[in-house]
Amino acid sequence: MLPNPIPTSLRPRTVLLLGLLALLFSFIFSSVSEKEPPSSQFITANDVSQLRPGMTYEETARLLRREGQEVTSITVPQSQNSPAANTCFMVWRNEDDGALVILFRDNRILEIYEQGIK
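Residues numbered from 1 in each chain as written. Predicted model: local features only at pLDDT ≥ 70, side-chain atom pairs only at ≥ 80, totals over all residues. Heavy atoms only, no water.

## Details of the packing of aromatic side chains
Here is step 1: As enumerated under the stated definition, the model contains two aromatic pairs in all.
Here is step 2: Arranged with centres 5.6 Å apart and planes meeting at 70°, the rings of Tyr-57 and Phe-104 form a pair that is edge-to-face. Taken together, the positions of Tyr-57 in helix α3 (residues 57-64) and Phe-104 in strand β3 (residues 99-105) put the pair 47 residues apart, joining distant regions of the chain. Here Tyr-57 and Phe-104 have matching classes, each one buried.
Here is step 3: Taken together, the aromatic side chains of Tyr-57, Trp-92 and Phe-104 make up a single cluster linked through ring pairs. (Phe/Tyr/Trp six-rings, centres within 6.5 Å; stacked < 30°, edge-to-face > 60°. Helix = DSSP H or I, 4+ residues; strand = E, 2+ residues; numbered from the N terminus. Buried < 20%, exposed > 50% of the residue type's maximum accessible area, 1.4 Å probe, protein only.)

Dropping the structure here:
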């Protein structure tokens, strides 16, 4: 018997997602992260305001006028209550260090995070 079982309130997917988010943000917003090649087109707050959960990656890239950079991806295995899901974090950076991070699940926006987008 395990001495300290995991509380049932912390489901494995929740723990995995929180861990991935922490790792992702430390990587993306650190000063040593790799910069995206310069682009003549900045992503603006207006662009971000047009993004909606459920949009596909293709719709997102078209709206932002460029492809994103994949930071990490994972396939969450099928569970008793839900099918398997492909999840990936994509990042778009501006030359001024502004960044937009989008979590996609099965090629559709699930969450949007931004820092320094003007």
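Moving on, there is more to tell.
## So, the pattern of salt bridges
Here is step 1: Taken as a whole and assessed by the stated rule, the structure comprises two salt bridges.
Here is step 2: Across the pair Arg-65 and Asp-47 runs a salt bridge whose closest N-O atoms are separated by 2.7 Å. One end of the pair, Arg-65, is in the loop between α3 and β1 (69-76); the other, Asp-47, is in helix α2 (residues 45-49), with 18 residues separating them in the sequence.
Here is step 3: Note on Arg-65: relative accessible area 39%, which makes it partly exposed.
Here is step 4: Residue Asp-47 is classed as buried on the basis of its relative accessible area, which comes to 6%.
Here is step 5: We note a salt bridge from Lys-118 to Asp-96, for which the minimum N-O separation is 3.7 Å. Here Asp-96 lies in the loop between β2 (85-93) and β3 and Lys-118 lies in the segment after β4 (108-115), a separation of 22 residues in the sequence.
Here is step 6: Among the residues examined, Asp-96 registers a relative accessible area of 33% and is labelled partly exposed. (Salt bridge = Lys/Arg side-chain N within 4 Å of Asp/Glu carboxyl O.)

It is worth stressing that arrangement in space is one thing and function is another; only the former is reported here.
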